[in-house]
Protein chains: 2
Amino acid sequence: MSTAHSLATEELGSSAQRERRKRILDATIDLASQGGFDAVQMRAVADQAEVALGTLYRYFPSKIHLLVSALGREFEKTESALRERQLTGQTPAERVIEVLKLTSRGLQGDPHLTEALTRAFMFADSSVQTEINQVGMYMTSMVTRAMHPGRTEFDDQDVAIARVIGDVWLSALMGWVTGRSTAAETGQQIEVAVKLLLRD
Amino acid sequence: MSTAHSLATEELGSSAQRERRKRILDATIDLASQGGFDAVQMRAVADQAEVALGTLYRYFPSKIHLLVSALGREFEKTESALRERQLTGQTPAERVIEVLKLTSRGLQGDPHLTEALTRAFMFADSSVQTEINQVGMYMTSMVTRAMHPGRTEFDDQDVAIARVIGDVWLSALMGWVTGRSTAAETGQQIEVAVKLLLRD
DNA sequence: TCCATAATAGGAACACGTTTCACTTCTTCG
DNA sequence: CGAAGAAGTGAAACGTGTTCCTATTATGGA
């Protein structure tokens, strides 16, 4: 434990363990990026990360845990990238749409990866609650911050709206990763929802 | 539509084939109802429906197709039951909430079945598009009809709102079947969204 | 009725997530 | 340092979705 403190969600462990964990998640992202959900095969991940299959399962108790953890790491990056970006939209609706478009574009730039991570998220049950909640918080945080830049506290109505937007976003993404709608339709769908919800 | 013609989504076939198909779907619903998604094992379905495994796969090319087809049959029943029911709500929002509560209550009365069907729906890819679209149409139809009872044509705004509500409903259901939220929270979540969307 | 063809039965075999186990290599601490 | 326990390795084995194959049975037209 080199540095001062650790968040509740951070795992402790030796540097060798942190290194292994990183290698595993890197391999996961890499395989997902190449061939999507089906290409993330546990034996392949273990091989590419240069750990034994049993070790992989010691770090991540299932394929779903593995992929949702990877999603968490990706969302963390996205959220911190967004924090540094100045939004240009004039209204809450415009800014929210801007944020969602940026995020979606990032995802749609890597369809296989998106498919793998979204599928895992949708399939995750309560045993993955910790990782899931983390992703949900990033999402809500990104939307509420877009609604009211600079503010740090948000009232119930704002959070409720952000949640609904998150739901629509997930459904739209689901439609896209499962090939039921195009990227354009997905964007449209989200835009309509945001305008309906933030129309005052 | 007894004998004269058939819709595009209806399969033709001899009465023996229709009978087998029904037995398979019945077995599917039964097993799902008892033990959820995991209990719907293809060998078990085949056994209970008294068909060979190969025959099961001839009728439904995958477990997902099988379950989404079963969902379609259930939704058909729900939708026609709702058609005959007189809604008591005074406003569109109240009526939509009424319809969704009724539907949700039906689902939550059989948690295992709901879990199985919802999971399958979420996991379905574009190869199941036909069945998926059918389910989506039932959903949109139920919501728009609740918004404007008696009306048969709906403008774009109404349909857009119905779609957003459907998205929230699916996300909420997902949270519930995966054990991430309670039935009460799910109902609350949907109610908030409907009130936000139909607040004028 | 009889034959060609499609449909079904029955079951082996394969793929991949997951579990298990015996053995080896670290890590830690007295 | 040396020993105990934790972590990692490598491989076998199991469960379930899916595929494949051969023999048998229905079906429908000449």
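Each value, and the rule that gives it
Note on numbering: residues in each chain are counted from 1, in written sequence order. Lettering of chains starts at A and numbering of ligands starts at 1, both following the order in which they are written. Local features are withheld for residues below a pLDDT of 70 in this predicted model, meaning they are given only at 70 or higher, and side-chain atom pairs are given and counted only at 80 or more; totals for whole chains, interfaces and linings count all residues. Only hydrogens and water are set aside when side-chain values are computed; all heavy atoms of the structure are taken into account. Ring pairs are drawn from Phe, Tyr and Trp, using the six-membered ring of Trp, whenever the two centres fall within 6.5 Å, and their geometry is named by plane angle: stacked under 30 degrees, edge-to-face over 60, tilted for the rest. Per the convention used, a helix needs a DSSP run of H or I reaching at least four residues, while a strand needs a run of E reaching at least two, with both numbered from the N terminus. Only when the NZ atom of a Lys or the CZ atom of an Arg is both within 6 Å of the ring centre and within 35 degrees of the ring normal do we say a charge sits over the ring. Given a helix with a known number of residues, its expected span is that number minus one, times 1.5 Å. For every residue, the accessible area (1.4 Å probe, protein chains only) is compared with the maximum for its type, and the residue is labelled buried under 20%, exposed over 50%, or partly exposed between those bounds. The contact criterion used is simple: two residues touch if any of their non-hydrogen atoms lie within 4.5 Å. The cutoff for a nearby residue is simple: one of its non-hydrogen atoms must lie within 4 Å of the molecule or strand. Under this definition, polar contacts are N or O atom pairs within 3.5 Å; protein pairs additionally need one hydrogen-donor-capable and one acceptor-capable atom, and for neighbouring residues in sequence, both atoms have to be side-chain atoms. Residue polarity follows a fixed list, in which Ala, Val, Leu, Ile, Met, Phe, Trp, Tyr, Cys and Pro are nonpolar, Asp, Glu, Lys and Arg are charged, and the others, Gly among them, are polar. Summed over both partners, the accessible area lost on bringing two parts together, with a 1.4 Å probe, is the buried area. Lines fitted to C-alpha atoms define the axes, with helix axes restricted to the stretch in contact, and inter-axis angles between N-to-C directions lie between 0 and 180 degrees. Roughly parallel covers angles under 35 degrees, roughly antiparallel covers those over 145, roughly perpendicular covers 65 to 115, and oblique covers all other angles. Crossings are assigned a handedness: left-handed for a near helix turned anticlockwise from the far helix by less than a right angle, right-handed for a clockwise turn. In superposing the copies, a least-squares fit is computed on C-alpha atoms, taking residues whose pLDDT is at least 70 in both.

Student: If you had to explain the packing of aromatic side chains to someone new, which residues and values would you point to?
Tutor: Evaluation of the coordinates by the stated rule reveals 5 aromatic pairs over all chains. With a centroid separation of 5.8 Å and 80° between ring planes, the pair formed by F37 of chain A and F123 of chain B is classed as edge-to-face. Within this pair, whereas F37 of chain A is found in helix α1 (residues 15-39), its partner F123 of chain B is found in helix α6 (residues 111-123), the two belonging to separate chains. Between the NZ or CZ atom of R119 of chain A and the centre of the ring of F123 of chain B, over which it lies, the distance is 4.9 Å.

Student: Lay out α1 of chain A in plain terms, naming residues and giving numbers.
Tutor: Taking 1.5 Å of rise per residue, the 25 residues of α1 of chain A would be expected to cover 36 Å, yet its terminal C-alpha atoms sit only 29 Å apart, more than 12% below that figure. Among the residues making up α1 of chain A, those that are buried are I24, L25, A27, T28, I29, L31, A32, G36 and F37 of chain A. On its buried face, α1 of chain A is in contact with α2 (42-49), α3 (53-59), α4 (63-83) and α6 (111-123) of chain A together with α6 of chain B.

Student: If you had to explain the protein's contact with DNA strand C to someone new, which residues and values would you point to?
Tutor: Near DNA strand C there are 16 residues, and of these Q41 and R43 of chain A together with A52, T55 and Y59 of chain B occur at the shortest range. Here the atoms of DNA strand C within 4 Å of the protein split so that 67% fall in sugar or phosphate, with bases taking the remainder. Within the side chain of R43 of chain A, an N or O atom sits 2.9 Å from a base oxygen of DNA strand C. Listed by contribution, the elements that provide at least two residues to the surface near DNA strand C are α2 and α3 of chain A together with α3 (53-59) of chain B. Split into classes, the residues belonging to the surface near DNA strand C amount to 7 nonpolar, 3 polar and 6 charged.

Student: Go over the interface of chain B and chain A with me, naming the residues and quoting the values.
Tutor: On the chain A side, the residues contacting the 30 residues of chain B number 30 residues. Together chain B and chain A conceal approximately 2,600 Å² of surface at their shared face, both sides included; 59% is due to carbon and sulfur atoms. Sorting the residues of chain B by area buried against chain A places F123, R180 and R199 of chain B first, and these three jointly supply 24% of that buried surface. Where chain B touches chain A, the interface holds 15 residue pairs in polar contact (both at pLDDT 80 or more).

Student: Would you mind going over the packing of α6 of chain B against helix α8 (residues 156-177) of chain B in detail, with residue names and values included?
Tutor: Residues and elements named next belong to chain B. Contact geometry of α6 with α8 gives a least axis separation of 10 Å together with a crossing angle of 125°. Taken together, the axes of α6 and α8 lie oblique to each other. Crossing handedness for the pair α6 and α8: left-handed. For the pair α6 and α8, the contacting residues are P111, T114, E115, T118, F121 and M122 in the first and L170, L173, M174, W176 and V177 in the second. Looking at the contact of α6 with α8 residue by residue, the class counts come to 8 nonpolar, 2 polar and 1 charged.

Student: Before we move on, can you summarise the protein's contact with DNA strand D with the specific residues and values?
Tutor: Not every one of the 16 residues close to DNA strand D is listed here, only the nearest: A52, T55 and Y59 of chain A together with R43 and K63 of chain B. Sugar and phosphate atoms form 64% of the subset of DNA strand D atoms that lie within 4 Å of the protein. Between DNA strand D and the protein, one listed contact pairs a phosphate oxygen with a backbone N or O atom of M42 of chain B at 3.1 Å. At a separation of 3.1 Å, a phosphate oxygen of DNA strand D approaches a polar side-chain atom of Y57 of chain B. If you list the elements that add at least two residues to the surface near DNA strand D, you get α3 of chain A together with α2 (42-49) and α3 of chain B. Of the residues that constitute the surface near DNA strand D, the class distribution is 7 nonpolar, 3 polar and 6 charged.

Student: Lay out the packing of helix α8 (residues 156-177) of chain A against helix α9 (residues 183-197) of chain A with the relevant residues and their values.
Tutor: All names here are of chain A. Taken N-terminus to C-terminus, the directions of α8 and α9 make an angle of 165°; their axes are 9 Å apart at the nearest point. Between α8 and α9, the angle is such that the two are roughly antiparallel. In this structure, α8 meets α9 at a crossing whose hand is right-handed. When α8 is examined against α9, the residues I161, V164, I165, V168, W169, A172, L173 and W176 are found in contact with a partner set consisting of A183, T186, Q189, I190, A193, V194 and L197. Grouping the constituent residues of the contact of α8 with α9 by class yields 13 nonpolar, 2 polar and no charged.

Student: Tell me about the relation of the copies chain B and chain A, residues and numbers included.
Tutor: Note on the identical chains: chain B maps onto chain A by a rotation of 179° and an axial translation of 0.0 Å, with an RMSD of 0.1 Å. Taken together, the rotation angle and the small translation identify this as a two-fold axis. Comparing interface residues between copies, 100% of those in chain B also lie at the interface in chain A; the contact surface is shared.

Student: Now, about unusual backbone geometry: what can you tell me, with residues and values included?
Tutor: Located in the positive-phi region is E50 of chain A, a residue other than glycine, with phi close to 55°. With respect to the helices and strands, the residue E50 of chain A is situated in the loop between α2 and α3.

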